[in-house]
Amino acid sequence: MDSKLQAYIDKLNTLDFRSMYEGDFFLTWEKSDDELAAVFAVADALRHLRENNISTRIFNSGLGVSLFRDNSTRTRFSFASACNLLGLQVQDLDEGKSQIAHGETVRETANMISFMADVIGIRDDMYIGKGNKYMHEVVDAVTEGHQQGVLAQKPTLVNLQCDIDHPTQCMADMLHIIHEFGGIENLKGKKIAMTWAYSPSYGKPLSVPQGVIGLMTRFGMDVALAHPEGYEVMSEVEEVARFNAARSGGSFTKTYSMAEAFRDADIVYPKSWAPYAAMERRTKLYEKNDAEGIRTLEKELLAQNAGHRDWCCTEELMKTTKGGKALYLHCLPADISGVSCEEGEVAASVFDRYRTPLYRQASFKPYIIAAMIFLAKVKNPQATLVALAEKNTPRFFER
């Protein structure tokens, strides 16, 4: 076994992540520091094995069920890639083609799709107070089904984005940062600016900025949240960020100035989101099927956004960052001025300069998801990684 894989296993040997076995992944701040570190280590180990043409299939059969209640490219394909990497076949649950429209309950649906499912990935991010709650209802249902002998195994649930957090995205972002800065030990004191940016569309979820401030504050970083007045995120997530910063020796600050957040930043993350109050209002309107109210809200929010067109990641702003060379992050797709829209979140020249690092950032997500599944399904991850390396089954066979 090579020294690089051994280093990942040695790292796992120092961590306590036993409670992840047969567990689920909802929010990053519900996991311990050791558990997050274990996800990073396993993700790197799985990537290392694949890049060395070693199969990481721990399943010979089984399903990974995906349910996307919002559009997705990167996360959808990352989940499929992660499941395939481990040997699972993916089946997408299309609610429009299911019996859900005929009144099938969450409990019934969850059990019916889980007879041979080992993991369920759900994206439900559009409605405040709904997405994370729904995911817990699914887990409660399959747990009960397993306990009553209906299901041979309890599927692991992976949160692929809810109304509160986007853990697979933010964990992938964090692993990208770790690699860019040469290790977690080098992140203390680094400044990251999580800033709102202008978008000509409305209703973008809050879960990315909330996930970023909820996770990055755990590593001794100085996290600055910037947005125009009226674009607040959930106050309870801000409290999580304050607690994490105090515990890690970092800081969490808020400002209504994009320029202030960018100043001397090592990392910038300009990303549009909808105001929390507006998302609450939107959720209530959808509950009432108030189409006219939704149209009115959309007009209001587009007009509100239009008043902040100057919140754009420009070359001028980037020059004010640490050495003028801050790492630019985005979960993609970005609203690129003059490319995907007339005016947007980022100048085309900035985006083009960071295109390759952005794609590299996105490439960590399949491995993060695979690691979450791996740690929930494998009782002894270290021994399993060793066995995969020693078995040395080629992922791709060629004479």
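Residues numbered from 1 in each chain as written. Predicted model: local features only at pLDDT ≥ 70, side-chain atom pairs only at ≥ 80, totals over all residues. Heavy atoms only, no water.

Colleague: Which residues make up unusual backbone geometry, and what are the values?
Modeller: In this structure, the amide linkage connecting Leu 332 to the following residue, Pro 333, adopts the cis form with an omega of 0°. Residue placement: Pro 333 occurs in the loop between strand S9 (327–328) and strand S10 (336–337). The phi dihedral of Glu 22 is positive, around 65°, even though this residue is not glycine. One can find Glu 22 in the loop between helix H1 (3–13) and helix H2 (33–51). As for its placement among the helices and strands, Leu 332 is situated in the loop between S9 and S10. Judged by its relative accessible area of 13%, Leu 332 is buried. (Helix = DSSP H or I, 4+ residues; strand = E, 2+ residues; numbered from the N terminus. Buried < 20%, exposed > 50% of the residue type's maximum accessible area, 1.4 Å probe, protein only.)

Colleague: Could you give an account of a nonpolar patch on the surface, with specific residues and numbers?
Modeller: A contiguous nonpolar surface patch, about 420 Å² in accessible area, is contributed by Met 112, Phe 115, Met 116 and Val 150. If you trace the backbone, Met 116 turns up in the loop between helix H4 (106–112) and strand S3 (117–124). Note on Met 116: relative accessible area 66%, which makes it exposed. (Patch = residues over 30% accessible without salt bridge, like charges linked within 9 Å, V, L, I, M, F, W, Y side chains within 5 Å. Areas by Shrake-Rupley, 256 points an atom, 1.4 Å probe, with all protein chains shown as cover. Salt bridge = Lys/Arg side-chain N within 4 Å of Asp/Glu carboxyl O.)

Colleague: Talk me through the nonpolar core; I want residue IDs and the actual numbers.
Modeller: If you look at the biggest cluster of nonpolar residues, it comprises 125 residues, and the most contacted ones within it are Met 174 and Tyr 328. No other element matches H2, which puts eleven residues into this core. Counting six residues, the second largest nonpolar core, distinct from the first, contains Ala 278, Leu 285, Ile 294 and Leu 301. (Core = buried A, V, L, I, M, F, W, Y, C linked by side-chain atoms within 4.5 Å.)

Colleague: Got a sec to walk through the side chain of Arg 123? Specific residues and values, please.
Modeller: Here Arg 123 is to be found in strand S3. In this structure the side chain of Arg 123 is engaged in a polar contact, spanning 3.1 Å, whose partner is the backbone oxygen of Asn 71. Here the side chain of Arg 123 touches Ser 72 through a polar contact of 3.5 Å, side chain to side chain. Leaving out residues up to four positions away in the same chain, Arg 123 has contacts with Leu 67, Phe 68, Arg 69, Asp 70, Asn 71, Ser 72, Thr 75, Leu 160, Gln 161 and His 166. (Polar contact = N/O pair within 3.5 Å; in protein donor to acceptor, adjacent residues only side chain to side chain. Contact = heavy atoms within 4.5 Å.)

Colleague: I'd like a description of the sheet that holds S3, backed by residues and values.
Modeller: Taken together, the four strands give an open sheet; going across it, the order is S2-S1-S3-S4, and neighbouring strands pair in parallel fashion. Only two strands of the sheet have a single neighbouring strand rather than two, namely strand S2 (89–92) and strand S4 (156–162). Adjacent strand axes in the sheet meet at a mean angle of 20° when their direction is disregarded. Relative to S3, strand S1 (residues 63–68) runs parallel, the two being bridged by six bridges. Its bridge partner lying in S3, Phe 68 is registered against Arg 123. (Pairing = 2+ DSSP bridges. Axes fitted to C-alpha atoms, helices over the stretch in contact; angles between N-to-C directions.)

Colleague: How would you summarise the packing of H1 against H2 if you had to cite specific residues and measurements?
Modeller: If you want to describe how two helices pack, look at the angle between their axes and the distance between the axes. Close contact between H1 and H2 brings their axes to 9 Å; oriented N to C, the two are set at 160°. As judged from the angle between their axes, H1 and H2 are roughly antiparallel. Crossing of H1 over H2 shows left-handed handedness. Where H1 abuts H2, its residues Lys 4, Leu 5, Tyr 8, Lys 11 and Leu 12 lie against Ala 37, Ala 38, Ala 41, Val 42, Asp 44, Ala 45, His 48 and Leu 49. Its residues assigned to classes, the contact of H1 with H2 comprises nine nonpolar, one polar and three charged. (Parallel < 35°, antiparallel > 145°, perpendicular 65-115°, else oblique. Left-handed = near helix turned anticlockwise from the far one by under 90°. Nonpolar A, V, L, I, M, F, W, Y, C, P; charged D, E, K, R; others polar.)

Colleague: I'd love a proper account of the pattern of salt bridges, names of residues and values included.
Modeller: Tallied over the entire structure, the rule returns 21 salt bridges. We note a salt bridge from Glu 51 to Arg 47, for which the minimum N-O separation is 3.2 Å. Here Glu 51 pairs with Arg 47, and both are found in helix H2, just four residues apart, close to one helical turn. The exposed category is assigned to Glu 51, whose relative accessible area is 57%. Note that Glu 300 and Arg 281 form a salt bridge whose closest N and O atoms lie 2.7 Å from each other.

Colleague: Go over the pairing of strand S7 (residues 251–255), please, and point to the residues and values.
Modeller: Direction of pairing for strand S6 (residues 222–226) relative to S7: parallel, over a ladder of five bridges. In the sheet register, Leu 225 faces S7, and the bridge partner there is Lys 254. In this region the chain leaves S6, passes through helix H8 (residues 235–248) and returns to the parallel neighbour S7; the handedness of that crossover is right-handed. (Right-handed = clockwise from strand over helix to strand, strands pointing away.)

Colleague: Which residues make up the sheet that holds strand S5 (residues 191–195), and what are the values?
Modeller: If you walk across this open sheet you meet the five strands as S7-S6-S5-S8-S9, and the pairing is parallel. The sheet is open, and its two borders are formed by S7 and S9, each paired with just one other strand. Summarising the sheet, S5 and strand S8 (residues 267–270) pair through four bridges and their orientation is parallel. Along S8, the bridge assignment pairs Met 194 with Tyr 269.

Colleague: Which residues make up the pairing of S8, and what values do they have?
Modeller: Here S8 shows two buried faces, one formed by Ile 267 and Tyr 269 and the other by Val 268 and Pro 270. As defined by bridge partners, S8 adjoins S9 across two bridges and the pair is classed as parallel. Note that in S9 the partner of Val 268 across the bridge is Tyr 328.

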